[in-house]
Amino acid sequence: MVEQVLQNLSQFVPETVLLVTFCAVILTDVILKGRPMAALGVGLAGTVAAGILAAGQFGAPQAVFHGMISVDPFAAFFKVLVAVSTVLVFLISLYSSEVRSAVKRMGEYSALIVSATLGMFLMAGASNLLMIVLALELTSLSSYILAGYTKEAPDSSEASLKYILYGAMSSGVMLYGISLVYGLTGATELTGVRIALAAGAGVNYPLLLVASIMIVVGFGYKISAVPFHFWTPDVYEGAPITITAFLSVGSKAAGFAMMIRFFVTTSYGDLGSMLGVLQGFEWPKLVAIISVLSMTLGNLVAIWQDNLKRMLAYSSIAHAGYMLMGVVVFTQNGLSAVLIYLVVYMFMNLGAFYVVMLVAGATGSEDINAYRGLSQRAPLLSVALVIFLISLTGLPPTAGFVGKLYIFSALLDAKWMWLAVIGAINSVISLYYYVRVVRNMYLRDTEVSAPPVVLTRPQTVLLFVMLIPTLLLGLYFAPLVDLAHASVALFGVR
Amino acid sequence: MEIFGIGVLSWLTFLPIVGMLAVLMIPKGNEAIVKWTALGITGLQLILAVVVYLNFDPSLSGINNVDSMQFVEKAKWIDVSANSWVGRIQIEYFLGIDGLSFPMVILTALICFIAVIASWNIPKALKGYMAMLLLLDTGMMGVFVALDFFLFYVFWEVMLLPMYFLIGIWGGPRREYAAIKFFLYTLFGSVLMLLAMIALYFSVTVPDAVTGERIHTFNMLAMMDPANYDPNSLLAGMGTTFRSLAYLGLFIGFAIKVPIFPFHTWLPDAHVEAPTAISVILAGVLLKMGTYGLLRVSFPMFPDIATAWVVPLGILAFINIVYGALCAMAQKDFKKLIAYSSVSHMGIVLLGMAAMNTQGMMGAVFQMFNHGTITAMLFLIVGVVYDRAHTRDLDAFGGLAITMPKYTGIMTVAFFAALGLPGLSGFISEAFSFLGAFQVDELRVITIASTLGIVLTAAYMLWTLQRVFLGKPNEKWAGMPDINGRELSALVPLAIIVLVLGIYPSLLLNYMSTSLNHLIDIVRTGGQGMAMLP
């Protein structure tokens, strides 16, 4: 027994490191009261270590703690992804005037980011319904507080409150769905659920359908897909930019990880699988509809936004829709396309938020009008933002194109023609609002002599840290694709 | 053929990028150096194009045969081994030219050089302007030399952003609207093209050279051989619904670029707002990418659908020719008139293509080249008068022949070439296109009706000539200086080409005929029995 726990613990090192980091951050904050940045440094170091350790988990799949958590390449992929995005968010936070405005609470800020990251790590590996709920709640609770971090700003508190209300509601619905599934199958491990369904005796299928849809609500909320997206714009606008960036990438990625694992594990294989038994109900079509709604609504509403943060919030809803197209296909190609997209999305979206933050720091505004003539005042930032936005649109030779390419490839390979066409047209719509920013930067008021936005050297380096992958992955993406394929291979879907 | 170990086509394509980086590195305030660097780079590119001209073997057919492609460069770019379910993904850096792309390569190099001369007096942010122009140059050249569909697509899209900036920053009063309209239209077309490209990719496999395993490929040549299509794939078979859809996707993508009615509305806006040199590039090269795409991609890869849809294509050609000419006739803005005349002239290209016989096809490709040179001249001519008078209103002028005799002389060459006067290059290509189309039974009526366009063209061209250059001189422009040396240096080479090709068209036709006949064979026979290896 003890041996087993010890053996399991050895597979749990990245999470343990995060846990230790969490405590260390709090202690550092208490001990080194006068130097709030030290806490951030500890958080950063711990996350880097956890990420490196997680990268070592690309081995044979294992279930630890009685099937509570899976340790496999799929989880490792997401853990590394989350760790990288957390590290980037920490680095971005160094230059955030919002975060620095409440520098006394820096320890709190860093600790909460670490605990949210821990939640996301667990989400990536969770293979038991209870674990899913716990991981989700850990992430959510940390995020609620983070969203209200700048409590002096009224919209930040509003964001936090809205986030809690929506979060509580959707968690409740999801939990209820999970309880129904448990009642129907008598199992909480995902594999157990599948086996029970495969046996098939006495399962009330209509009820199972209701339960599944309730669980989907929980996932939809986490990845901010329409119609569970209502919290997104307000929270993204109200929260500090660093946290918005964190939520839009890490939280979304972890949500996708959880959703994909849930679907794959409960459905693949025997005839009695969840997808199999719900024959009367066309599961992929439901996801396809959610995806179409997310893309279209996200893009159409983004056109009308003048606040860049809010615009990027709607754009992130649209991107969730693009990624859901990969889930619709549900093949090896489709799932790996989602993984590829997430990596690409991380760099370009964090990059865009970083530029928005720097500009907001210099001009004090996130409004699109603050970008008028920016090309004259901050040439490098403008070029970088153009590249990030073009990548978000999905034009070659940027990484965003590769993400879209693989999503569309998966769709066409599986003969989802109409969905591919809608997705493609959506990327044309998205061009319009992304280019609005470019237009303001380059085409308008270039003569106005507002003070230039000056970047320090570390800020420039950090910009390139996100810019180079955005360009490089657009020109040479073979390793990323290989990695993504290898990470979903264990599911054995075709 | 290699220079310093790098193939000549790579030089042609990436030299402008090198130039762009060089231009960007020049410190602020050295405008003259920026101009001369850009001119030097495009000049060098033109010299390389001449070298290609001299070394080009007109007897090789190309199209779907890699052995008769010329100046081929091939290297692995992306090779994802992945696993057994997905199969391998291979993208190649694959360049080469044949008689179809060859005239376009020459045209691109020529027009870009002329465009730099025409940009000599750009009033603001010259450095950024030249950088964007050179990036655009790379995109255009790349499209014409790429033989891997993925590569083709990347080049195709690379052009969008520089074009957006060139119209949006340096354009006229309504530049923002024109620029975003251009961007959205073209992107809409290219995403449909992207979907068709992916569908093609998943349908085509070729055996790997080493292992013999069947791998998917973006190789355009492989996509032209029906034997390479997997029997169960999306685009297998002939004349299926999926094939029609894919063809339609590609067609819309290319049609927007040409532009074919009803996708043409971006063109007048873009042309009117763009600075002179950019109009020259738009009309001279960019529009050709649409028809080039149809000939390079749609026709040989979908011969079944292309032959089945000859009549609709003919009807669209007719609409373009006559509707374009009628619109041109109604314009009061000099530049808009030329823009609509482009719509009309590109219709002639379409008509020739629809014929799918030797005369028609030769006429079409020759018309692509001629339209490039003639329309470039026309836009330069508008630019000359606009620079001096700051108006393009056709009724504001009159009797310019008296104040600007040299200008009127060169203008006459361009106008008469545009209306198809024998002895100038436009006549030959138009005559060939109509001749070819007339021979096809289904197109005969359309061809006869389309000749109306010739009459209309003559009408609006001569009417414009009369309004602007003849009649009583307008007092307001009495002191207007005649055309200067720089402007002449952009126009005269084009005029010479128009004249020489009008008298001795074989200088270019000979280079195209083998390839185009081969292309016709492929389309006619549905690509059967044209064994090729990637």
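Residues numbered from 1 in each chain as written. Chains lettered and ligands numbered in written order. Predicted model: local features only at pLDDT ≥ 70, side-chain atom pairs only at ≥ 80, totals over all residues.

For the rest of this paragraph, the subject is the overall build of chain B. Per the secondary structure count, chain B includes 21 helices and six strands. If one aligns the C-alpha atoms of chain B with their principal axes, the spans along those axes are about 80 × 60 × 40 Å. Within chain B, the fraction of its 534 residues that count as buried is 61%. The long-range fraction of contacts in chain B, counting pairs at least 24 apart against all pairs at least 6 apart in sequence, stands at 79%. (Helix = DSSP H or I, 4+ residues; strand = E, 2+ residues; numbered from the N terminus. Buried ≥ 20, exposed ≤ 12 C-beta atoms within 10 Å, placed from the backbone. Contact = placed C-beta atoms within 7 Å.)

We now examine the overall build of chain A. Counting secondary structure elements, chain A contains 22 helices and two strands. Taken over the C-alpha trace, chain A has a radius of gyration of 22 Å; the compact-globule value for 494 residues is 23 Å, and the two agree within 12%. A principal-axis box enclosing the C-alpha atoms of chain A has dimensions of 75 × 55 × 40 Å. Relative to its full complement of 494 residues, chain A shows a buried share of 61%. Taking as baseline every contact in chain A between residues at least 6 positions apart, the subset at least 24 positions apart corresponds to 79%. (Rg over C-alpha atoms; globule rule 2.2 N^0.38 Å.)

Before going further, it helps to spend a moment on the environment of alanine 38 of chain A. Locating alanine 38 of chain A in the fold gives a position in helix α3 (residues 37–55). Residues within four places of alanine 38 of chain A in sequence aside, it is in contact with Thr28 and Leu32 of chain A.

The buried fraction of helix α11 (residues 231–238) of chain A is high, at seven of eight residues. Among all positions of α11 of chain A, only Trp231, Thr232, Pro233, Val235, Tyr236, Glu237 and Gly238 of chain A are buried.

Right, let's get into the packing of helix α6 (residues 160–170) of chain B against helix α7 (residues 175–203) of chain B. All names here are of chain B. In contact at an axis separation of 8 Å, α6 and α7 are set at 165 degrees when each is read in the N-to-C sense. Comparing the axis directions of α6 and α7 gives the class roughly antiparallel. By crossing handedness, the relation of α6 to α7 is classed as right-handed. Every residue of α7 that contacts α6 at Leu160, Met163, Tyr164, Ile167 and Gly168 is listed here: Arg175, Glu176, Ala178, Ala179, Phe182, Phe183, Thr186 and Leu187. Among the residues making up the contact of α6 with α7, the classes are represented as nine nonpolar, two polar and two charged. (Axes fitted to C-alpha atoms, helices over the stretch in contact; angles between N-to-C directions. Parallel < 35°, antiparallel > 145°, perpendicular 65-115°, else oblique. Left-handed = near helix turned anticlockwise from the far one by under 90°. Nonpolar A, V, L, I, M, F, W, Y, C, P; charged D, E, K, R; others polar.)

Across the contact, 31 residues belong to chain A and 31 residues belong to chain B. With 11 residues, the top contributor of residues to the side of chain A that touches chain B is helix α20 (residues 417–442) of chain A. Across the side of chain A that touches chain B, the residue classes tally to 21 nonpolar, five polar and five charged.

Glancing now at helix α22 (residues 478–488) of chain A. Those residues of α22 of chain A that fall on the buried side of the exposure criterion are Leu480, Val481, Ala484, His485, Ser487 and Val488 of chain A. For α22 of chain A, the arc enclosing every buried residue in end-on projection is 165 degrees, short of the 170-degree limit, so these residues lie on one face. (Arc of directions from axis to C-beta.)

For the bond running from valine 226 of chain A to proline 227 of chain A, omega is 5 degrees, close enough to zero to count as cis. Note on placement: proline 227 of chain A falls in the loop between α10 (205–222) and α11. Each neighbour pair has its own omega, and for phenylalanine 261 of chain B with proline 262 of chain B the value is 0 degrees, a cis peptide bond. For proline 262 of chain B, the position within the fold is in the loop between α9 (241–257) and α10 (266–273). A positive phi angle, close to 50 degrees, is found at phenylalanine 65 of chain A, a residue other than glycine. Following the sequence through the fold, phenylalanine 65 of chain A ends up in the loop between β1 (62–64) and β2 (69–71). Positive phi, close to 55 degrees, is recorded for histidine 390 of chain B, a residue that is not glycine.

The next subject is the pairing of strand β6 (residues 214–217) of chain B. Residue and element names in this part refer to chain B. Summarising the sheet, strand β5 (residues 205–207) and β6 pair through three bridges and their orientation is antiparallel. Considered in β6, the bridge of proline 207 is made with arginine 214. Taking the residues that link successive antiparallel strands as the turn, the β5-β6 hairpin has six residues, and the phi of glycine 212 there is positive, at about 80 degrees. (Pairing = 2+ DSSP bridges.)

With that settled, the discussion passes to the environment of serine 127 of chain A. Residues and elements named next belong to chain A. Relative to the helices and strands, serine 127 is located in the loop between α6 (106–125) and α7 (129–147). Note on serine 127: 26 C-beta atoms within 10 Å, which makes it buried. Each C-alpha atom, one on serine 127 and one on glutamate 137, is 15 Å from the other, the two residues being 10 residues apart in sequence. Setting aside chain neighbours within four positions, we find serine 127 in contact with Ala63, Gly67, Ile69, Ser70, Glu189, Leu190, Arg261 and Thr265.

On to the environment of isoleucine 91 of chain B. Residue and element names in this part refer to chain B. Mapping isoleucine 91 onto the fold places it in strand β4 (residues 89–97). For isoleucine 91, a count of 23 C-beta atoms within 10 Å gives the class buried. It is 20 Å that separates the C-alpha atoms of isoleucine 91 and leucine 192, two residues lying 101 residues apart in sequence.

Residues and elements named next belong to chain A. Considering every residue of chain A, the mean pLDDT works out to 86; 95% of them sit at 70 or more. In the model of chain A, helix α13 (residues 274–277) stands out as the element of lowest mean pLDDT, 46, in contrast to helix α4 (residues 73–93), which has the highest, 93. A low-confidence stretch, residues 268–277 (pLDDT under 50), is modelled with 25 contacts involving residues beyond four sequence positions or located in other chains. (pLDDT = per-residue confidence, 0-100.)

A separate point is the packing of helix α3 (residues 102–118) of chain B against helix α4 (residues 126–145) of chain B. In a pair of packed helices, the angle between the axes and the distance between the axes together describe the arrangement. Residues and elements named next belong to chain B. Between α3 and α4, whose axes approach to 9 Å, the crossing angle comes to 170 degrees. Between α3 and α4, the interaxial angle falls into the category roughly antiparallel. Judged by residue contacts, Met104, Val105, Thr108, Cys112, Ala115 and Val116 of α3 engage Leu133, Asp137, Met140, Met141, Phe144 and Val145 from α4. In the contact of α3 with α4, the residues fall into 10 nonpolar, one polar and one charged.

Moving on, we get to the confidence of the model for chain B. All names here are of chain B. On average, chain B scores 86 in pLDDT, and the residues at 70 or more come to 96%. Per-residue pLDDT stays below 50 along residues 529–534; that stretch engages in 14 contacts with residues further than four places along the chain or on separate chains. Prediction confidence for the complex, expressed as pTM and ipTM, is 0.91 and 0.88 respectively.

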